[in-house]
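Structural overview for review
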Amino acid sequence: MTITSPSSASSPTDVDGPYLQVEDLTVTFPTQDGPVQAVKGLSYSVELGKTLGIVGESGSGKSVSSMAVMGLHDAKSSEISGSIRLGGTEIVGLSESRMRKLRGNAMAMIFQDALAALHPFYRVGDQLAEAYAMHHPKASKRDGRRKAIEMLDRVGIPQPDRRVDDFAHQFSGGMRQRVMIAMGLINDPSLLIADEPTTALDVTVQAQILDLLQDLQREFNSAVIIITHDLGVIAEMADDVLVMYAGRCVEFGTTKEILTRPEMPYSWGLLSSIPEVGASTDARLIPIPGNPPSLLRPPSGCSFHPRCSHRDKVPGDLCFTELPELTPASNRAGHLKRCHLPNPEEIYLTEVLPEIAPDLAEETR
Amino acid sequence: MSQDPNAKVGIDASEIGANAAETGERDLSHHAPDVVDDHEVVKAPLDFHELAELGHAATALNPLAEPIISVDNLKMYFPVKSSGLIRRTVGHVQAVDGVSFEVPRGGSLGLVGESGCGKSTTGRLITRLYKPTGGSMMFEGKDLAKLSNSEMRPLRRDVQMIFQDPYTSLNPRHTVGTIVGSPLAVHKIVPKDKILPRVQELLEVVGLNPEHYNRYPNEFSGGQRQRIGIARALTLNPKLLVADEPVSALDVSIQAQVVNLLQDLQREFDIAFLFIAHDLAVVRHFCPEVAVMYLGKIVEIGDRDTIYGHAHHPYTQALLSAVPDVKQAAIGGRRERIRLEGDVPSPINPPSGCRFRTRCQFAQEICAKVEPPLLQIGQRHKVACHFAGELGAHPATPVTTDLLGVDDQGTPVPGATPTNKQLTIPGYEDTWYDLKSKHTTGV
């Protein structure tokens, strides 16, 4: 079945260029101990029909930056600078009433914990209908209910006309996540942000949800941002990857580039600290030493230098004193990295890869 | 202040710089609450080659190791009570229904499966947090399933547990020293004044600063808290550790640190692990042997290469195909996968015959009638399926008919005698049933 797109849903496809454009985004939270810069100078863009994957540890700013896109930060307790353009509309500094018209309509978000994100006292059908009615003031109650059933059916919930009157706790984890997705997509948004959509789910359910997200994206031609720490999910879902560390973008490029030829030691560390089901059993598991830095007192120079095991290969004390710029990686278009290493590709192929994937290193030789 | 460990040793609290809250000298400019790095003493070297040396490859299998625990036909049924004044038992949740396996001494067995398949219950049965409904667990010549709580107590030191969530498994009102040291006090193993040195030794073993024994858990990061949980489990020199999802609550970059630490400890102290996790990749790295559970039963068990390379059960194959693979980035798009429809059925009223049949694409009549036995089909490989075969090569007729004395539809053949004798043996036999020749063969 197909969903007829409601007329009031924004259709900003006439705007040229990427649908979402984030430029030099900085999010600061003033605290008692001083300002915490959770996101610093972040720029990226997503086109309609494309998927951007954002990876990084907790505290790297991946959720904070997407919440800024959704306008979910309280203006009283946060300072946002830079520019976020959604289909030609500038979001930074937009009034709350106008923001409310966009949120859930032109853009929507799927959260990690569906049980916490759904209201326990209201029937899921009523919650879905509310999301619909909010942006369709003329719609009757019956329209809302019909739409809710339609969406539950679309996300693959069996017997949607009966399940629509159930409460959130009566659904299993995977079904609950489907309800969340239905709620996110009920107004046919052009931008969907999925914040760790499958982290709490079993692998089989995760595969179902990822299939569903991909089908829906194809159908609605929406731009999708998927935030996760699972590089496998990134590999199968995303077109482009943004690696974040301590609030900054440290590497950006196509998924293939980032996951097969990464040029930043933090990306190497992420790859080497995750075992793979298909890897050789001789592959070593090499953790990133230490802990993520405090954003209250970020390290000088490159924020990754206290944990970087390749900093001795950089001449002088550049890593300690100077923040590397986001520069194009060796000879590949669209691949950006933030690192002082002069020959990262060589180091990756000759030193890192033989340890973490001996079979792959043989092949490339 | 009698509980203050410093009072005994005669150290001024301010000397160790730790318990600032107790001495009333907390100075935020020195001890910012978000600085967690100084809790760790064993600083990893920052040279990549040294760092790589510290990382471990996947643990290898020792096929000659004797079993340390031998679990036979273990069952756990939780009663379901009716509502109302007289709470009658109206049914049972068959959380674990007849599992048999062995954990080799100093080795590790991985237990994988979806949530609700009974893997955590199995772990809790082995540590005797639950008393099993049936079956036996032979550990050092004693059956843990039959022991009373008081008989169990001296054995508890040999079987310890690491929990999933380091935020809820540590008491926030106890210091790290109390948490790690209390097993020593409970079991009265060392005199009270020897507890502190042992605690400090343990903290050092897991890579934490031993001087921080009287800090509270909230001052530590997630990975460091999990180290505290590991130190507590190690306190009594256990022979068997049940690790229930020990890394799944941790950040990606920290997971590898903890997995490497567990591998170090296993080598150093010769500890056997029952490693419960839903992350198939971590289990593959840590465990040379893996058991796959579905709805309270083991459906396939075998060594790493067999399970991950030549799985014969449709459920194992579906699980493996669902794992997203980083290598897919080189090819692009999604991997071909086996789609499992629907959810796991209720363990209160599980399907008849094979429990997986409601979601299995190969299911036929026999699957509903006869339960497939966990049949040994290789030197270290057992599978419970009527149509066991490698992916894409499942046989058209049931392989188990001769053994069970039934025809292809699962109806008993009059006069036929079931020949299968190896239904619930915890370990492996020297002879097994070869699927190709349909005869018992050996090494």
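Keep in mind it's a predicted model, so treat the numbers as computed, not measured.

1. Some words on the UniProt feature "domain: ABC transporter" (unreviewed entry) in chain A
- With numbering aligned to this structure, UniProt lists the feature "domain: ABC transporter" (unreviewed entry) at residues 20–271 of chain A.
- Within the segment residues 20–271 of chain A, helix and strand shares are 40% and 27% respectively, and the terminal C-alpha atoms sit 28 Å apart.

2. A few points about the interface of chain A and chain B
- The partner chain B presents 51 residues to the 49 residues of chain A that form the contact.
- Every element with two or more residues in the side of chain A that touches chain B is listed here: α8 (203–220), α9 (231–237), α10 (255–260), α11 (265–272) and α13 (344–356) of chain A.
- Considered class by class, the residues forming the side of chain A that touches chain B number 17 nonpolar, 19 polar and 13 charged.

3. Observations concerning the packing of helix α4 (residues 124–135) of chain A against helix α5 (residues 141–154) of chain A
Residues and elements named next belong to chain A.
- It is at 8 Å that the axes of α4 and α5 come closest, and there the two elements cross at 110 degrees. Considered as vectors, α4 and α5 are oriented roughly perpendicular to each other. In this structure, α4 meets α5 at a crossing whose hand is right-handed. Counting all contacts with α4, which are made through G125, L128, A129, Y132 and A133, the residues of α5 involved are G144, R145, K147, A148 and M151.

4. Topic: the sheet that holds strand β1 (residues 67–81) of chain B
All names here are of chain B.
- The strand order across the open sheet built from four strands is β2-β1-β4-β5, with neighbouring strands paired in antiparallel fashion. Two strands in the sheet have a free side with no partner beyond their single neighbour: β2 (89–104) and β5 (142–143).
- Summarising the sheet, β1 and β2 pair through twelve bridges and their orientation is antiparallel. The residue bridging P67 from the neighbouring strand is P104, located in β2.
- Together, β1, β2 and β4 (134–139) form the strand contacts of helix α4 (residues 119–126), whose direction differs from that of β2 by roughly 70 degrees.

5. Things to note about the environment of B:T168
All names here are of chain B.
- Inspection of the secondary structure puts T168 in the loop between β6 (159–162) and α6 (176–187).
- Residue T168 is classed as exposed on the basis of its C-beta count, with 10 C-beta atoms lying within 10 Å.
- A C-alpha to C-alpha distance of 51 Å links T168 and K436, two positions 268 residues apart in sequence.

6. Brief notes about the nonpolar core
- In terms of nonpolar packing, the biggest core is built from 217 residues, with A:L128, A:A182, A:V243, B:L274, B:F275 and B:V292 touching the most fellow members.
- Discounting residues that sit within four places of it in the chain, B:F275 has contacts with B:S108, B:L109, B:G110, B:L111, B:A243, B:V283, B:F286 and B:C287.

7. Digging into the domain arrangement of chain B
Residues and elements named next belong to chain B.
- Domain parsing of chain B yields domain 1 (67–287) and domain 2 (310–442).
- Here the C-alpha centre of domain 2 lies 31 Å away from the C-alpha centre of domain 1.
- Contacts between the two partners involve 19 residues from domain 1 and, on the opposite side, eleven residues from domain 2.
- Element by element, the count of residues in the side of domain 1 that touches domain 2 is highest for β2, at nine residues.
- Here the side of domain 1 that touches domain 2 is composed, by residue class, of eight nonpolar, eight polar and three charged.

8. Section: unusual backbone geometry
Residues and elements named next belong to chain B.
- The backbone of K188 shows a phi angle near 50 degrees, a positive value even though the residue is not glycine.
- Here K188 shows up in the loop between α6 and α7 (195–205).
- One non-glycine residue, E245, adopts positive backbone phi at about 50 degrees.
- Mapped onto the elements, E245 comes out in the loop between β7 (240–244) and α9 (252–269).
- In this structure E245 comes out as buried when scored by C-beta crowding, with 20 C-beta atoms within 10 Å.

9. As for the sheet that holds strand β11 (residues 327–328) of chain A
All names here are of chain A.
- With respect to topology, eight strands assemble into an open sheet ordered β6-β7-β8-β3-β9-β10-β12-β11, the strand pairing being mixed. Strand pairing shows two members of the sheet lacking a second neighbour, β6 (107–110) and β11, which therefore form its edges.
- Looking at chain direction, strand β9 (residues 240–245) and strand β10 (residues 248–254) are connected through six bridges and run antiparallel. Counterpart to V243 in the pairing with β10 is E251.

10. Describing the packing of α11(A) against α13(A)
Residues and elements named next belong to chain A.
- The contact between α11 and α13 brings their axes to 10 Å, and the two run at 20 degrees. The angle between the axes of α11 and α13 places the two elements in the roughly parallel class. Note that α11 runs across α13; the crossing there is right-handed. Only Y348, V352 and I356 of α13 make contact with α11, whose side of the interface consists of W268, L271 and S272.

About the cut-offs
- Residues numbered from 1 in each chain as written.
- Chains lettered and ligands numbered in written order.
- Predicted model: local features only at pLDDT ≥ 70, side-chain atom pairs only at ≥ 80, totals over all residues.
- UniProt positions renumbered as here; feature names shortened; annotations may be inferred.
- Helix = DSSP H or I, 4+ residues; strand = E, 2+ residues; numbered from the N terminus.
- Contact = placed C-beta atoms within 7 Å.
- Nonpolar A, V, L, I, M, F, W, Y, C, P; charged D, E, K, R; others polar.
- Axes fitted to C-alpha atoms, helices over the stretch in contact; angles between N-to-C directions.
- Parallel < 35°, antiparallel > 145°, perpendicular 65-115°, else oblique.
- Left-handed = near helix turned anticlockwise from the far one by under 90°.
- Pairing = 2+ DSSP bridges.
- Buried ≥ 20, exposed ≤ 12 C-beta atoms within 10 Å, placed from the backbone.
- Core = buried A, V, L, I, M, F, W, Y, C linked by C-beta atoms within 7 Å.
- Domains from an automatic or database assignment.

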